[in-house]
Amino acid sequence: MKDYTKQDIIQLVEENDVQFVRLMFTDVFGALKNVAIPASQIERALDNKCMFDGSSIEGFVRIEESDMFLYPDLNTFEILPWRPQNGKVARLVCDVYRPEGIPFEGDCRHILKNVLQDAAQMGYTFDVGPECEFFLFHTDDNGMATIITHEKAGYFDVTPLDLGENARRDIIMNLEQMGFEIEASHHEVAPAQHEIDFKYDNALLTADNIMTFKMMVKTIAKRHGLHATFMPKPVQNVDGSGMHINMSLSRNGKNIFFDRKDPKKLSEDCYHFVAGLMKHVRGMTCICNPLINSYKRLVPGYEAPVNIAWADINRSPLIRIPASRGASTRVEFRSPDGAANPYLVMALCLAAGLDGIRNKLMPPEQVGSNMYLLTEQEMEEMNIGKLPSTLGEACQAFEEDTFLQDVLGPHISQKYLEAKKQEWQKYCEHVSQWEIDEYLYKY
């Protein structure tokens, strides 16, 4: 675990010939932002004196209260390996503060810190391991993104079927230079779809890493003449891309989800945590699946969860417990996608799980059969609920869950909901080509 001081950072900048430092932060909707400073300004940045215009960032503040300050997290200092080696570029992930020296209530990193502090007061640490999926497509003659691919590869295929293998290897080599521990990578089920998994860690570090990962994937892909996208469903009639979240809670270094006395080797707290997720998951979907397009992925027949159920090992439900036990016992939450803000996703997952633990909630019976093969009638008989099927429905579910709104606070809840309702309204007003093709000649 790093424990950098200001002097350490200054020394690292000097010794490594760093010429620019990116002060990075993430907006409410999960978009990575930065203010780049020359190395000569590093002491000023480390003294929390770098400002930016918060009114220019969607979901932040009004123009009359626009001054915001960036407070770098010293332990996030990393040199970006894909940038020039003469005159290097480094990054620092920052928290956003108001001029009064208090954390900005619209800073999603601050929201995650708050929930992690709640967990710490209960004696818990929260670790997360993500499974990040993305597509690699060709670009056109102008370098613009397309959804064109010439490959036909599927699950775990290799070269020559996997045409993105070289780009993926380059991405991994750059990630490892930044200290990522890559556990696995492979071609996914759809043509041009890939997955890279990095080792679980503290939730805050993992959220920081996801934002860096997405930036790096897009940057390295472009060097290979490709466009990388974390859009949930860019291509019709194939599987979409998710961002499964694997979670565990520990106390005094011991995984509290494991209990060797239980038939499934799961603790009461693990059952409570799952129940908390299930209680709040409909409202969480607005955050975990934030785009109109997200709901094109959450449809039957494409391996994405649609119904609210859990299971031990079985891969088809929304929430599953992978086979590993002991220190590796974890809860896998399968609905989030790569367009989501990882700070807010992890904050809500943890808060919902802790709500289950505090109130000793118990989940329904697990589903042992393949969810994809169950009929509507069978699911009704088993009292299995459904995730929202549209962004509009997800907004309504979030609006009805005051617990989740309290976790995010009134600022983010209001700004986020306003933006997503507007996005849904625009979509509802849009006349698509499908409608023209389907109805124009008929009516």
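Data block above holds the structure.
Residues numbered from 1 in each chain as written. Predicted model: local features only at pLDDT ≥ 70, side-chain atom pairs only at ≥ 80, totals over all residues. Heavy atoms only, no water.

Peer 1: I'm lost on the side chain of T76 in this one. Help?
Peer 2: Within the element layout of this structure, T76 appears in the loop between β4 (67–72) and β5 (78–79). Under the relative-accessibility criterion, T76 is labelled buried at 5%. Contacts of T76, omitting those with residues within four sequence positions, involve R91, L92, V93, R109 and D208. (Helix = DSSP H or I, 4+ residues; strand = E, 2+ residues; numbered from the N terminus. Buried < 20%, exposed > 50% of the residue type's maximum accessible area, 1.4 Å probe, protein only. Contact = heavy atoms within 4.5 Å.)

Peer 1: I'm lost on the side chain of S241 in this one. Help?
Peer 2: By the element assignment, S241 lies in the loop between β11 (226–229) and β12 (243–251). Classification of S241 by relative accessible area gives buried; the value is 1%. At a separation of 3.1 Å, a polar atom in the side chain of S241 contacts the side chain of Q193. (Polar contact = N/O pair within 3.5 Å; in protein donor to acceptor, adjacent residues only side chain to side chain.)

Peer 1: Any chance you could explain the pattern of salt bridges here in plain terms?
Peer 2: Side-chain pairing between opposite charges can occur once the charged atoms of the two side chains come close. Using the criterion set out here, one finds 14 salt bridges in the structure. Among the salt bridges present, the one from R98 reaches E105, with a minimum N-O distance of 2.8 Å. Each of D73, D95, R109, K113 and D208 takes part in salt bridges that share partners, so that together they form one network. (Salt bridge = Lys/Arg side-chain N within 4 Å of Asp/Glu carboxyl O.)

Peer 1: Quick question: what am I supposed to make of a nonpolar patch on the surface here?
Peer 2: The grouping of V431, I436 and L440 at the surface amounts to a nonpolar patch, some 290 Å² of accessible area in total. Structurally, the position occupied by L440 is in the segment after α12 (433–439). (Patch = residues over 30% accessible without salt bridge, like charges linked within 9 Å, V, L, I, M, F, W, Y side chains within 5 Å. Areas by Shrake-Rupley, 256 points an atom, 1.4 Å probe, with all protein chains shown as cover.)

Peer 1: Explanation requested: the packing of helix α6 (residues 268–288) against helix α8 (residues 342–358) in the structure shown.
Peer 2: Think of two packed helices as two axes; the pair is described by the angle between the axes and how far apart they sit. Where α6 meets α8, the closest approach of the two axes is 6 Å, and the angle between their N-to-C directions is 140°. Classified by the angle their axes make, α6 and α8 are oblique. α8 is crossed by α6, and the crossing has right-handed handedness. From α6, D269, H272, F273, G276, L277, K279, H280, M284, I287 and C288 reach across to α8, where they touch L344, V345, L348, C349, L350, A352, G353, L354, D355, G356 and I357. Across the contact of α6 with α8, the residue classes break down as 13 nonpolar, five polar and three charged. (Axes fitted to C-alpha atoms, helices over the stretch in contact; angles between N-to-C directions. Parallel < 35°, antiparallel > 145°, perpendicular 65-115°, else oblique. Left-handed = near helix turned anticlockwise from the far one by under 90°. Nonpolar A, V, L, I, M, F, W, Y, C, P; charged D, E, K, R; others polar.)

Peer 1: Can you walk me through the nonpolar core in this structure?
Peer 2: Among soluble globular proteins, nonpolar side chains are generally buried collectively. Core analysis: the largest hydrophobic core is formed by 96 residues, its most contacted members being F126, F213, M247, L249, F273, V331 and F333. Per-element tally for this core: the top contributor is α8, with 12 residues. Not counting residues within four places of it along the chain, the set of residues in contact with M247 comprises F126, D127, V128, F257, F273, L277, R330, V331, F333 and C349. M68, F77, I79 and F104 belong to the second-largest nonpolar core, a separate cluster that totals 24 residues. (Core = buried A, V, L, I, M, F, W, Y, C linked by side-chain atoms within 4.5 Å.)

Peer 1: Would you take a moment to explain helix α5 (residues 203–223) for this structure?
Peer 2: Each α-helix turn comprises 3.6 residues. Residues three or four places apart therefore point the same way. Between its terminal C-alpha atoms α5 stretches 30 Å, which fits the 30 Å expected from 21 residues at 1.5 Å a residue. Here α5 lies mainly inside the structure; 16 of its 21 residues are buried. (Expected span 1.5 Å × (residues − 1).)

Peer 1: Explanation requested: the pairing of strand β1 (residues 18–26) in the structure shown.
Peer 2: Walk down a regular strand and you will see the side chains alternate between the two sheet faces. The pairing of β1 with strand β6 (residues 88–97) spans six bridges and is classified as parallel. From the neighbouring strand, R22 faces β6, where its bridge partner is R91. Here seven bridges tie β1 to strand β2 (residues 32–38), and the two strands are oriented antiparallel to one another. The partner of V21 across the bridge, within β2, is I37. (Pairing = 2+ DSSP bridges.)

Peer 1: Whenever I open this one, the packing of α6 against helix α11 (residues 402–429) confuses me. Can you help?
Peer 2: Two elements in contact, α6 and α11, have axes whose closest approach is 12 Å; the angle formed by their N-to-C orientations is 30°. The angle between α6 and α11 places the two elements in the roughly parallel class. Judged by the twist between their axes, the crossing of α6 over α11 is left-handed. Of the residues in α11, those in contact with H280, G283, M284, C286 and I287 of α6 are F403, L404, L408 and Y416. Considering only residue class, the contact of α6 with α11 consists of seven nonpolar, two polar and no charged.

Peer 1: Just checking my understanding: could you explain the packing of aromatic side chains for this structure?
Peer 2: Aromatic rings considered in pairs are described by the distance between their centres and by the relative angle of their planes. All told, the structure shown has 14 aromatic pairs when counted by the stated rule. Residues F198 and F213 carry aromatic rings whose centres are separated by 5.6 Å and whose planes lie at 50° to one another, so their mutual orientation is tilted. Of this pair, F198 sits in strand β9 (residues 193–198) while F213 sits in helix α5, and the two are 15 residues apart along the sequence. Taking the relative accessible area as the measure of exposure, F213 reaches 0% and is therefore buried. Between the aromatic rings of F213 and F230, the centroid separation amounts to 6.1 Å while the plane-to-plane angle is 70°, which identifies the pairing as edge-to-face. Here F230 lies in the loop between β11 and β12 and F213 lies in helix α5, a separation of 17 residues in the sequence. Taken as a pair, F213 and F230 share a single burial class, namely buried. We note K214 situated over the ring of F230; from NZ or CZ to the ring centre the distance is 5.8 Å. (Phe/Tyr/Trp six-rings, centres within 6.5 Å; stacked < 30°, edge-to-face > 60°. Lys NZ or Arg CZ within 6 Å of the ring centre and 35° of its normal.)

Peer 1: Hey, could you run me through the pairing of β4 in this one?
Peer 2: Summarising the sheet, strand β3 (residues 50–53) and β4 pair through four bridges and their orientation is antiparallel. Note on β4: the bridge partner recorded for F52 is M68. As defined by bridge partners, β4 adjoins β6 across four bridges and the pair is classed as antiparallel. Each residue of the ladder has a partner; that of P72, found in β6, is C94.

Peer 1: What exactly am I supposed to notice about the environment of K88 here?
Peer 2: Note on placement: K88 falls in strand β6. For the pair K88 and P263, spaced 175 residues apart in sequence, the C-alpha separation works out to 54 Å. In this structure K88 touches N16, D17, V18, Q19, F20 and I79, once residues within four positions along its chain are discounted.

Peer 1: I keep staring at unusual backbone geometry and nothing clicks. Help me out?
Peer 2: Trans peptide bonds make up the majority, and among non-glycine residues the majority have a negative phi. In this structure, N48 is a non-glycine residue whose phi angle is positive, near 65°. With respect to the helices, strands and loops of the structure, N48 is situated in the loop between α2 (42–46) and β3. Taking the relative accessible area as the measure of exposure, N48 reaches 24% and is therefore partly exposed. For K265, which is not glycine, the phi dihedral falls at a positive 65°. Structurally, the position occupied by K265 is in the loop between β13 (254–255) and α6. Judged by its relative accessible area of 31%, K265 falls in the partly exposed class.

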